[in-house]
Amino acid sequence: MTPATPRSSTFTALSRWKVLTPHFSFSRWWGMVIKELLQLKRDRLTFAMIVGIPIMQLVLFGYAINSDPKRLPTALVLGESTFLTRSLEAALRHSDYFRVFAVTDEAGARQALALGEAQFVVSIPADFTRRALRGERPALLVEADATDPTATAGALAALSGVVASTAEREFTGPLARLRGVPEPFAVITHRLYNPEGLTHYNIVPGLLGVILTLTTVMMTGLAITRERERGTMENLLASPVSPLEIMCGKIVPYVLIAHIQVGIILLFARLLFRVPFAGDAVAFYAGALLFITANLGVGVTLSSLAKNQLQALQLTVFYFMPNILLSGFMFPFAGMPAWARAIGEVLPLTHFNRVVRGVLLKGNGWPEVWPHLWPMGLFFLIVLTLAVRFFKRTLD
Amino acid sequence: MSADRGATPAIDVRDLTKHFGGRKVVDKVSLRVERGEIHGFLGPNGSGKTTSIRLMCGLLTPDSGSGTCLGFDILKESAAIKRRVGYMTQKFSFWEDLSIRENLAFTARLYGMKNRNQAVEAAIENLGLAGRADQLAGSLSGGWKQRLALAACMLHEPELLLLDEPTAGVDPTARRDFWDELHKLAARGISVLVSTHYMDEAERCHKLAYIAYGRLMATGTAREIAAAQGLHTLAVHGTGLSALAEALQNAPGVSQTVMFGAELHVSGQDRDALLSAVRKVADAHEIVETETGLEDAFIHLMNQAQDNFKAPS
């Protein structure tokens, strides 16, 4: 006969911790991994989602969110007709960015802008050529429709180039003295453009992390609540398997799957959007591995907090929002207020976005990637600790 | 510790109490199950059987009370208990999207079994499912699911089986096979706590515990429990038994009437009062004094429990 034991609260806390972390069994963990893979193999819908979501999002976001549109309607107001203005007009017409139509006066141009018939109005004042030849740097006025700031950024950047190259071409022979810095005429734009200059090259690599966040968090988010809803959790809990073994066992299969997704996305990014892969592939995959693991950890944590699959899904969306908004995917990171940047720095997606853009576009390697690896690793450790802590070891 | 652990009872819990949302589901339940004993656990639906079993195997933490399972403390050593206990849930809780073999193999891994493949193949052979081992568990009929669940919870050769209504919805032949199997296990020294609603199953247990409204009402052998109620029972044969039962319901000296097919059992604590009450209305019937059965006893216990604990609405 054992004497009745008084249950002091510290003792209970200690024993609970011991119960939570018995020694890790490779056999039990591997059992979990195999079971998850088998179940995954039979879950057609999830499998379709794993392949379908990356492709669908990539195509939709990549093509639909075109932040660098071409052939924008442009009204040209010519105050005079000289060799220089004709050359400028021809250069504008040859640029992909502008679909130029001539308007006679300022008022007509304004109206076209107001009606949305023109995205830009380019005005060359009378006297422009003469003043340029005198070296007075006359101004060329560009008015842009600012309602969609990102839409015009590329075109505005291109405009400066057009003007510069026109000057280059026209000021030859005796006029060559007018070339060089400063330019012979100024371009005045009535709006500042987006300094980050979103392009396909920018948005498609960004999508990699966004798609992975959505799918990985959702997949593991459902993993534990599913066991609970189907009643199989009771069976797991009655066995000696530990929370850590359950969670790691549930994470590993999805690490493999997420890497398949990475492959699919990179392939499509290359084929459809011609996104380069300039940097160190190994450093990239190290980043991807940590990023994926961290997100899967979030999913598992949400899963142990949620009571059912619906709640898990809601929590996933709740986690997804700050990731979309604060990671530098949608808005330039540097432009955010300090508190938003602080939140952003915590999120694995922020760091992964930098790794992806850095490696793919800038040709970065280990030295540049490393500062973003450890924050993701730390994030994962903290999240997994929370998950194990909140995991209900009993049915209470 | 482990040397004398074999001498400890399989289950020895005292005053287990558990609340769910302010409702007392298990109220000071004490239970002792000896090694190699099949202990039946009976009681109406919602009486706290499942909760009690979950408390014993560490799936729930009791609000108060203490005890041991196989010599291990149920509060502090649930990991050790889980390794040695086979728990069969009331609802099928194996993975329906895994095949029979995969379910067994996974279970074997969870318990860290060394001779895993042999054990799994032997279990499949024993089940008589050799040809269907790759069928998904979800496609099995209720009886087969139950057999799979039993095989899976037996796989790691537990010392104690906790079976929560294992034969609910299973046909009589399969139930009989199941109980033969249980007795073989008990003969090998395995202890069993099994909850059931079937009287024939209750009578096949070595000992019984009856629980109602979270309280343990009676323990002992079937005979002891029946005798302890202090009831005298008359078996009435003849026609119009339903009307007779109706008439006797509130008669003085009659505490309950129970229909058994062509026979009406009328029980009461005072033999003479009972006899005169029955004779008064059943003049054209054959009346035989009979032994108070287990079912009579349980119905008596349940009525008592209702009188004592039913919350006034």
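Cut-offs and rules
- Residues numbered from 1 in each chain as written.
- Chains lettered and ligands numbered in written order.
- Predicted model: local features only at pLDDT ≥ 70, side-chain atom pairs only at ≥ 80, totals over all residues.
- Heavy atoms only, no water.
- Helix = DSSP H or I, 4+ residues; strand = E, 2+ residues; numbered from the N terminus.
- Buried < 20%, exposed > 50% of the residue type's maximum accessible area, 1.4 Å probe, protein only.
- Contact = heavy atoms within 4.5 Å.
- Areas by Shrake-Rupley, 256 points an atom, 1.4 Å probe, with all protein chains shown as cover.
- Lys, Arg positive; Asp, Glu negative; His and termini not counted.
- Charge placed at Lys NZ, Arg CZ, Asp CG, Glu CD.
- Domains from an automatic or database assignment.
- Buried area = accessible area lost by both parts, 1.4 Å probe.
- Salt bridge = Lys/Arg side-chain N within 4 Å of Asp/Glu carboxyl O.
- Polar contact = N/O pair within 3.5 Å; in protein donor to acceptor, adjacent residues only side chain to side chain.
- Nonpolar A, V, L, I, M, F, W, Y, C, P; charged D, E, K, R; others polar.
- Pairing = 2+ DSSP bridges.
- Right-handed = clockwise from strand over helix to strand, strands pointing away.
- Axes fitted to C-alpha atoms, helices over the stretch in contact; angles between N-to-C directions.
- pLDDT = per-residue confidence, 0-100.
- Patch = residues over 30% accessible without salt bridge, like charges linked within 9 Å, V, L, I, M, F, W, Y side chains within 5 Å.

## What to know about the overall build of chain B
Move 1: From N to C terminus, chain B includes eleven helices and 14 strands.
Move 2: By the burial criterion, 53% of the 313 residues in chain B qualify as buried.
Move 3: Excluding contacts between residues fewer than 6 apart, the proportion of contacts in chain B whose partners are at least 24 apart in sequence is 70%.
Move 4: Accessible area of chain B: about 13600 Å², with a carbon and sulfur share of 48%.
Move 5: Here chain B contributes 34 positive and 38 negative side-chain charges, whose respective centroids are spaced 7 Å apart.

## Here's the deal with the domain arrangement of chain B
All names here are of chain B.
Move 1: Its domain assignment divides chain B into domain 1 (4-220) and domain 2 (230-309).
Move 2: For domain 1 versus domain 2, the distance between C-alpha centres works out to 35 Å.
Move 3: With twelve residues of domain 1 at the interface, the matching set in domain 2 holds nine residues.
Move 4: For the domain 1 and domain 2 pair, buried surface summed over both sides reaches about 1000 Å², with 85% attributable to carbon and sulfur atoms.
Move 5: The largest share of the area that domain 1 buries against domain 2 comes from Y210, Y213 and M217, three residues that together contribute 51% of it.
Move 6: Summed over the shared surface of domain 1 and domain 2, the number is zero salt bridges.
Move 7: Our count for the contact surface shared by domain 1 and domain 2 stands at one residue pair in polar contact (both at pLDDT 80 or more).
Move 8: Those elements that place two or more of their residues in the side of domain 1 that touches domain 2 are α7 (199-203), β9 (207-212) and β10 (215-220).
Move 9: For the side of domain 1 that touches domain 2, the residue count by class is ten nonpolar, no polar and two charged.

## A closer look at the pairing of strand β2 (residues 98-103) of chain A
Residues and elements named next belong to chain A.
Move 1: As paired elements, strand β1 (residues 72-78) and β2 share six bridges and run parallel to each other. The residue bridging L76 from the neighbouring strand is A102, located in β2.
Move 2: Running through helix α4 (residues 83-94), the crossover from β1 to the neighbouring parallel element β2 is right-handed.

## Overview of the environment of B:H197
All names here are of chain B.
Move 1: Position of H197 among the secondary structure elements: in the loop between β8 (191-195) and α7.
Move 2: Each C-alpha atom of the pair H197 and G40 lies 9.7 Å from the other, and the pair is 157 residues apart in sequence.
Move 3: Apart from the residues lying within four places of it in its own chain, the contact partners of H197 are G43, P44, N45, K49 and E165.
Move 4: Only 3.2 Å separates the side chain of H197 from the side chain of E165, close enough to count as a polar contact.

## Comments concerning the interface of chain B and chain A
Quite often, the size of an interface is put as the accessible area lost when its parts meet.
Move 1: Contact residues are listed per partner, giving 35 residues for chain B and 33 residues for chain A.
Move 2: The three residues of chain B that bury the most area against chain A are B:W95, B:R109 and B:L110, which together make up 20% of that side's buried surface.
Move 3: B:E102 serves as the salt-bridge partner of A:R42, at 2.8 Å between the closest nitrogen and oxygen.
Move 4: Of all the secondary-structure elements, those providing two or more residues to the side of chain B that touches chain A are β1 (11-20), β4 (64-69), α2 (78-84) and α3 (100-110) of chain B.
Move 5: Of the residues forming the side of chain B that touches chain A, the biggest block, four residues, is contributed by α3(B).
Move 6: Across the side of chain B that touches chain A, the residue classes tally to twelve nonpolar, nine polar and 14 charged.

## Comments concerning the sheet that holds strand β3 (residues 38-42) of chain B
Residues and elements named next belong to chain B.
Move 1: On the basis of which strands lie adjacent, the open sheet formed by six strands has the order β6-β7-β8-β3-β9-β10 and mixed pairing. Edge positions in the sheet fall to β6 (85-88) and β10, since each has one partner strand and no second. Each strand axis lies, on average, 15° off the axis of its neighbour in the sheet, ignoring direction.
Move 2: Two elements, β3 and β8, share four bridges in a ladder whose sense is parallel. Counted as the bridge partner of I38 is V192 from β8.
Move 3: Along the sheet, helix α5 (residues 142-154) makes contact with β6 and β7 (160-164), crossing β6 at roughly 160°.

## Observations concerning the pairing of β7(B)
Residues and elements named next belong to chain B.
Move 1: In terms of residue burial, β7 counts as a mostly covered element, since five of its five residues are buried.
Move 2: Here β7 shows no split at all, with L160, L162 and D164 on one side and L161 and L163 on the other all buried.
Move 3: Pairing analysis gives four bridges linking β6 to β7, with the strands arranged parallel. Paired with G86 across the strands is L161, a residue of β7.
Move 4: Sheet topology note: the β7/β8 ladder contains five bridges and is parallel. Of the residues in β8, the one forming a bridge with L162 is L193.
Move 5: For the crossover that starts at β7, traverses helix α6 (residues 172-187) and ends in the parallel β8, the hand is right-handed.

## Points about the confidence of the model for chain B
Move 1: When pLDDT is averaged across chain B, the result is 89; 96% of the residues are at 70 or more.
Move 2: Interface confidence in the predicted complex, given as ipTM, is 0.85; pTM for the same model is 0.73.

## Looking at helix α1 (residues 49-56) of chain B
Note that an α-helix has 3.6 residues per turn; residues three or four places apart therefore point the same way.
Residues and elements named next belong to chain B.
Move 1: For α1, a buried count of seven out of eight residues is recorded, marking the element as mostly surrounded by other parts of the structure.
Move 2: Considered for burial, the residues of α1 that qualify are K49, T50, T51, S52, I53, L55 and M56.
Move 3: Once α1 ends, the next one or two residues include G58, with phi positive near 85°.

## Some words on a nonpolar patch on the surface
Residue and element names in this part refer to chain A.
Move 1: A contiguous nonpolar patch, built from L305, W370, W374, L378, I382, L386 and F390 and spanning about 720 Å² of accessible area, is present on the exposed surface.
Move 2: For the nonpolar patch, the leading source of residues is helix α15 (residues 366-390), giving six residues.
Move 3: With respect to the helices and strands, L386 occurs in helix α15.
Move 4: By relative accessible area, which is 38% here, L386 ends up partly exposed.

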